[in-house]
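Report on the structure
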Amino acid sequence: MSRWLLLLPSETRSCPQYSPRIYRTLCVMTLHFSDRCLGTLNLSASHHLLDLRTSITIVAHITATKMANLHRHEEEKFFMNAEGKKESIPSIHDPPTKEFSVVVPSYNEEDRLPLMMDEALDYLEKRQKRDPTFTYEVIVVDDGSKDQTTKVAMKYCKKYGSDKVRVLTLVKNRGKGGAVKMGVFSSRGEKILMADADGATKFADIEKVEEGLRNLQPWPDQMAIACGSRAHLEQDSITQRSYFRTLLMYGFHFLVWFLCVKEIRDTQCGFKLLTREAASRTFSALHIERWAFDVELLYIAQLLKIPIAEVAVNWTEIDGSKLVPFWSWLQMGRDLLFIRLRYLTGAWRLETSKSN
């Protein structure tokens, strides 16, 4: 059985969908069955299975990039302000000058973005009126959209000013993780919130994740993360999904728990609040730029022993998702396996590099 321990988490704890006993039993049965298969197969077949496992590990190692991609194209080194003039982009390594940064990754979101921006800016403006010391910025990262996402976002820049609303247009599509990373590296806030462009999470719930962050104090090395969570809504969402999508969801959640992140029930909610230092350390080491980036982000946080809170938020299904169920889940499953193998084999390490 020891031959299969490479893929086991370092410790066995409860998993979101089933009781701890069921999950421990499932893991033990899987390993036992695998060893029984190897024991009953002929030597040639056993060698083939061992060779396959070795090959996957080798492929994961040799195809890994040694350091996260931090490259900016020339056009990505500045914002366009409301007057159409270039403004230099700050660095995550600079001292903060705002209390809050909100990073909104957007790909072909000309239709859904206005609803989210209206709600977010209405909340932020009212909060600033109640407390004049409160400062914020919203950074819309257009991830190489083919529609009018940048044009829509620039309307808010002109309305509220480029000190409050900034639009960063990427030359080509990097993926959601890549867009969030570019926004984080360009932020000025003491705390940095990731928020999806569809507005599925009620923006006022920022107060809930703020409280979750405060409850983690004292923050070691000024690092902490609070994750919005839809786990409490899971049973309701199951009744609205097809059996196939529900099966994919459970399979993905099991792989996340089994390979990477054990403490967080909902790793994929796009509503996460990080202290500036936590954002700098985790995103500087981030490699995954597509849908599974949240998992690597939290995996890195675990390795760095950054405290993480999971906070229930209000969430509504919004039409227009860019996630293609089968192929996106397949890609994420591959990424989860590679995250585990690449960190275990040393192909990826927690080295960091300045972004600008």
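Structural data are supplied above this passage.
This structure is a prediction, so every number in the text was calculated from the model and none was measured.

1. Here's the deal with the overall build of the protein chain
What the protein chain contains, in helices and strands, is 11 helices and 9 strands. Residues counted as buried form 51% of the 356 residues belonging to the protein chain. In the structure as shown, the protein chain presents an accessible area of about 17,200 Å², 55% of it carried by carbon and sulfur atoms.

2. Concerning the packing of aromatic side chains
Evaluated as defined, the whole model comprises 9 aromatic pairs. Between the aromatic rings of F100 and F134, the centroid separation amounts to 6.0 Å while the plane-to-plane angle is 50 degrees, which identifies the pairing as tilted. Here F134 lies in the loop between α3 (113–130) and β4 (136–142) and F100 lies in strand β3 (residues 98–106), a separation of 34 residues in the sequence. Assessed through its relative accessible area of 0%, F100 is described here as buried. Residue F134 is classed as buried on the basis of its relative accessible area, which comes to 1%. Seen in terms of ring centroids, F134 and Y136 are 6.2 Å apart; in terms of plane orientation they differ by 25 degrees. Their pairing is stacked. Accessibility classification places F134 together with Y136 in one group, the buried group. These aromatic residues form a ring-pair network of at least three members: F100, F134 and Y136.

3. Some details on the state of the cysteines
Inspection of the entire model under this criterion finds 0 disulfides. For the unlinked cysteine C269, the closest cysteine sulfur is that of C227, found at 8.3 Å. With a relative accessible area of 1%, C269 lands in the buried category.

4. Description of the pattern of salt bridges
Side chains that differ in sign of charge can pair as their charged atoms come close. Counted by the stated rule, this structure contains 16 salt bridges. In this structure, K77 engages E74 in a salt bridge whose closest nitrogen and oxygen atoms are separated by 3.0 Å. For the salt bridge of E125 with K164, the shortest nitrogen-to-oxygen distance reads 2.8 Å. Of this pair, E125 sits in helix α3 while K164 sits in the loop between α4 (149–160) and β5 (165–169), and the two are 39 residues apart along the sequence. The exposure class of K164 is buried, given its relative accessible area of 19%. Through salt bridges with shared partners, a single network forms among K98, E137, D163 and R188.

5. Examining the pairing of strand β7 (residues 225–229)
With respect to burial, β7 is a largely interior element, 5 of its 5 residues being buried. Here β7 shows a buried face lined by I225, C227 and S229 and a second buried face lined by A226 and G228. With 3 bridges connecting them, β7 and strand β8 (residues 272–275) associate as antiparallel partners. The partner of C227 across the bridge, within β8, is K272. One ladder, built from 5 bridges, connects β7 with strand β9 (residues 308–312); its direction is parallel. Its bridge partner lying in β9, C227 is registered against E310.

6. Section: helix α5 (residues 176–185)
The buried fraction of α5 is high, at 10 of 10 residues. Along α5, the positions that sit buried rather than exposed are K176, G177, G178, A179, V180, K181, M182, G183, V184 and F185. The elements touched by buried residues of α5 are β3, β4, β5, β6 (189–194), α9 (276–284) and α10 (293–303).

7. Some words on the packing of α3 against helix α6 (residues 206–214)
For any two helices packed against each other, one specifies the crossing angle of their axes together with the interaxial distance. Where α3 contacts α6, the two axes come as close as 12 Å, and the packing angle between them is 65 degrees. Residues Y123, R127 and R130 of α3 pack against I206, E207 and E210 of α6. Split by residue class, the contact of α3 with α6 holds 2 nonpolar, no polar and 4 charged.

8. Some details on the pairing of β6
Summarising burial for β6: 5 of the 6 residues are buried, a large majority. Two elements, β6 and β8, share 4 bridges in a ladder whose sense is antiparallel. Residue pairing across strands places K191 opposite T275, the latter belonging to β8.

9. Thoughts on the nonpolar core
In this structure, V184, C260, V261 and F283 are the most contacted members of the largest nonpolar core, which totals 49 residues. Among the secondary structure elements, those contributing two or more residues to this core are β4, α5, β6, β7, α8 (243–260), α9, α10 and α11 (325–344). What F283 contacts, discounting residues up to four positions off in sequence, is V180, K181, V184, F185, M194, L274, F293 and L297. By size, the runner-up hydrophobic cluster in this structure holds 37 residues, among which are Y123, F134, V167 and A226.

10. Thoughts on the sheet that holds β8
The strand order across the open sheet formed by 7 strands is β5-β4-β3-β6-β8-β7-β9, and the pairing between neighbours is mixed. Two strands in the sheet have a free side with no partner beyond their single neighbour: β5 and β9. Taken over all neighbouring pairs, the strand axes of this sheet differ in orientation by 20 degrees on average, direction set aside. α6 rests against β3, β6, β7, β8 and β9 of the sheet, and its axis sits at about 140 degrees to β7.

Scoring rules and cut-offs
- Along every chain, residues carry numbers that run from 1 in the direction the sequence is written.
- The model is predicted, so local features are restricted to residues of pLDDT at least 70 and side-chain atom pairs to those at 80 or more, both for listing and for counting; the totals for chains, interfaces and linings are taken over all residues.
- Working from all heavy atoms in the structure, the side-chain values ignore hydrogens and water.
- Runs of E in the DSSP output that reach at least two residues are strands. Runs of H or I that reach at least four are helices, and both are numbered from the N terminus.
- Summary of the burial criterion: residues with accessible area below 20% of their type's maximum are buried, those above 50% are exposed, and those between are partly exposed, where the area comes from a 1.4 Å probe applied to protein chains only.
- Per-residue accessibility takes into account occlusion by the displayed protein chains alone, with areas from the Shrake-Rupley method and a 1.4 Å probe.
- Two rings from Phe, Tyr or Trp (for Trp, the six-membered ring) form a pair when their centres are within 6.5 Å of each other. A pair whose planes differ by under 30 degrees is stacked, one over 60 is edge-to-face, and the rest are tilted.
- Note on terminology: pairs of cysteine sulfur atoms within 2.5 Å are recorded as disulfides.
- For salt bridges, the criterion is a side-chain nitrogen of Lys or Arg within 4 Å of an Asp or Glu carboxyl oxygen.
- Two strands are counted as paired when DSSP detects at least two bridges linking them.
- Any pair of residues with heavy atoms lying within 4.5 Å of one another is described as a contacting pair.
- The convention used is that axes are lines fitted to C-alpha atoms, helices contributing only their stretch in contact, and that angles between N-to-C directions extend from 0 to 180 degrees.
- When residues are grouped by polarity, Ala, Val, Leu, Ile, Met, Phe, Trp, Tyr, Cys and Pro land in nonpolar, Asp, Glu, Lys and Arg in charged, and all others, Gly among them, in polar.
- As used here, the term nonpolar core means buried Ala, Val, Leu, Ile, Met, Phe, Trp, Tyr and Cys residues forming a set that is joined through side-chain atoms within 4.5 Å.

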